[in-house]
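What follows is each chain in one-letter form.
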Amino acid sequence: MASETAEDNKIGLFPATMMVAGNMMGSGVFMLPANLAAVGSISLIGWLITVAGAVALALVFSRLAALYPAAGGPYAYARKAFGDYMGYQTNLIYWLANVVGNVALATAGLGYLMHFFPALQHPLVFAMAQIAVIWMLTYANILGPKTVGQIQSMTTGLVLIPILGTAILGWFWFDSQTFTAGWNVSGKGSASAVMATLTFTLWAFIGVETASVSAGVVKNPTRNVPIATVSGVLVASVAYVLSSTAIMGMIPNKELITSSAPFADAARIALGSTAANIVAICAAIGCIGSLGGWTLLVGQSAKAAADDGLFPALFSKTNQKGVPSLGLALVAVLMSLQVLATMSPTASEQFGKIASIAVIMTLLPYIYSAVALKVLGYGKMPPRQYGISTIVLLIAAIYCMVALVGSDGAQTRWSLIFVVFTIVFYALALNHKRAVQEEHKLPGGPSPGWVRFVTLSVTIAALALTFWLSVGQIKDLKIHHREPPPVDRPTLDD
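Residues numbered from 1 in each chain as written. Predicted model: local features only at pLDDT ≥ 70, side-chain atom pairs only at ≥ 80, totals over all residues. Heavy atoms only, no water.

Examining the overall build of the chain
The helix and strand inventory of the chain stands at 20 helices and zero strands. Burial analysis of the chain (494 residues in total) assigns 56% to the buried set. The contacts in the chain between residues at least 6 apart in sequence include a share of 84% that link residues at least 24 apart. With the model as given, the accessible surface of the chain reaches about 20200 Å², and the carbon-plus-sulfur share is 68%. (Helix = DSSP H or I, 4+ residues; strand = E, 2+ residues; numbered from the N terminus. Buried < 20%, exposed > 50% of the residue type's maximum accessible area, 1.4 Å probe, protein only. Contact = heavy atoms within 4.5 Å. Areas by Shrake-Rupley, 256 points an atom, 1.4 Å probe, with all protein chains shown as cover.)

Structure representation (structure tokens):
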């Protein structure tokens, strides 16, 4: 009966496509114009490079899904092609990247609500609201993939309103002088400036693998996953380039850099405050709604590895709807701690921090997946198709390498140091896998029923605390940020 219920909760082609598009557009576009403004409108070149790389990645994942339609996405492909260790490393990096990056979704969505709820400008209120949203979408996932698919389909429709509206209508208010005046404000050469944009523009396409990771909850994955992957990327590519470019020609660079809601600001310039309010609401709902799809991915990637004995067993325990609810609750705890650790004075600043780290950690699984196509496709594709696929996977892999080189040096260094340490974690995982095999234990089992009620309780408590803090209870509270404010230092003349 439980398996039938889990099967009934799987999603079809349209929800899968909306999940791919929603996961990319919900996370990728709404805060990016402000972050890219720090480099300048030269980022248009970065967009075009990224679109080529993203389409190549989409073709890689669609082909992999057709060859090997297993749940887990990059983890499943790396393990099949290169063995347990590479699979484990891929899953751990990918899983942590999503745990980190998902916080940026709540950041971006709530940033668009600051206009309606000024109390969100206070870092602690903003943090509590983020925690409430995280647990709310975790609870939605516990209710089943079908629920998440319905939410994603609705919110993606709302996401398209401001993005396509700006992409089509924004050009009537486009000022070429405004666009060229902010062409390159980074202080770097043109090549360096373009390289600096690649990490952020790639963030816009993080999610291209959504359907392949979620293959376990997609009906007829051999057919539906490739179609959903390519369709979602093509829709997003057109919307991204046109809307982002239009905004940079509407809003002066200095104003755009400090904007916490660039699409709403563009709508205000074009059609007034009412339009800006509508855009802000659509953007907020879209970003927050995409968190539901990304939470599903976190659960499915961890479950795939746990089922193979390469991740803690608690992530493979599922409820009656086939959802790894206990693992999702643990992820929500980790994300909540991350929110408190990265509180920043502005939503744009926090988004920038989190997005860059998440992108760096996602690049390696993408590279592994591209190379895995070369391994897994050998002997399973006609020679001509195999040759074309080799060219496509090389484009995808080279693009990811270029984006990695252009990333922040300090963040890249620490991310790669963590990659090296995965060999230590793998030793522990291998002991667990051997114990499972020797004792003939089957991974999985029922998830505790209390997880659902605890998740709902935490959601309600976080919402209540957010409300309590926002009505004047924090006037004299001292908040300490991760980066201390600058202090005046005495000079030699003093």
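Back to the text.
Considerations on the packing of aromatic side chains
Scanning the entire structure with this criterion turns up 16 aromatic pairs. With centroids separated by 4.9 Å and ring planes inclined at 40 degrees, the aromatic side chains of tryptophan 171 and phenylalanine 174 adopt a geometry described as tilted. Classification of tryptophan 171 by relative accessible area gives partly exposed; the value is 35%. Feature note: the residues Phe61, Tyr68, Tyr77 and Tyr366 constitute an aromatic cluster, connected by ring pairs. (Phe/Tyr/Trp six-rings, centres within 6.5 Å; stacked < 30°, edge-to-face > 60°.)

Here we look at the confidence of the model for the chain
Here the chain averages 80 in pLDDT, and 86% of its residues register 70 or above. Contacts of residues 476-494 to residues separated by more than four positions or lying in other chains number 13 contacts, the stretch itself having pLDDT below 50. (pLDDT = per-residue confidence, 0-100.)

Quick word on the packing of helix H4 (residues 43-67) against helix H12 (residues 221-248)
Across the interface, H4 lies against H12 with an axial gap of 8 Å and an inter-helix angle of 175 degrees. One way to sum up the angle between H4 and H12 is to call them roughly antiparallel. (Axes fitted to C-alpha atoms, helices over the stretch in contact; angles between N-to-C directions. Parallel < 35°, antiparallel > 145°, perpendicular 65-115°, else oblique.)

Comments concerning the nonpolar core
The biggest cluster of nonpolar side chains holds 141 residues, and the ones touching the most others in it are Tyr112, Phe205 and Phe311. Among the elements that take part in this core, helix H15 (residues 273-307) stands out by supplying 17 residues, more than any other. Phenylalanine 205 has contacts with Met24, Trp47, Thr50, Val51, Ala54, Val233, Ala236, Ser237, Tyr240 and Tyr366, leaving out every residue within four places of it along the chain. In this structure, Val39, Ile42, Ala193 and Ala196 belong to the second largest nonpolar core, which totals five residues. (Core = buried A, V, L, I, M, F, W, Y, C linked by side-chain atoms within 4.5 Å.)

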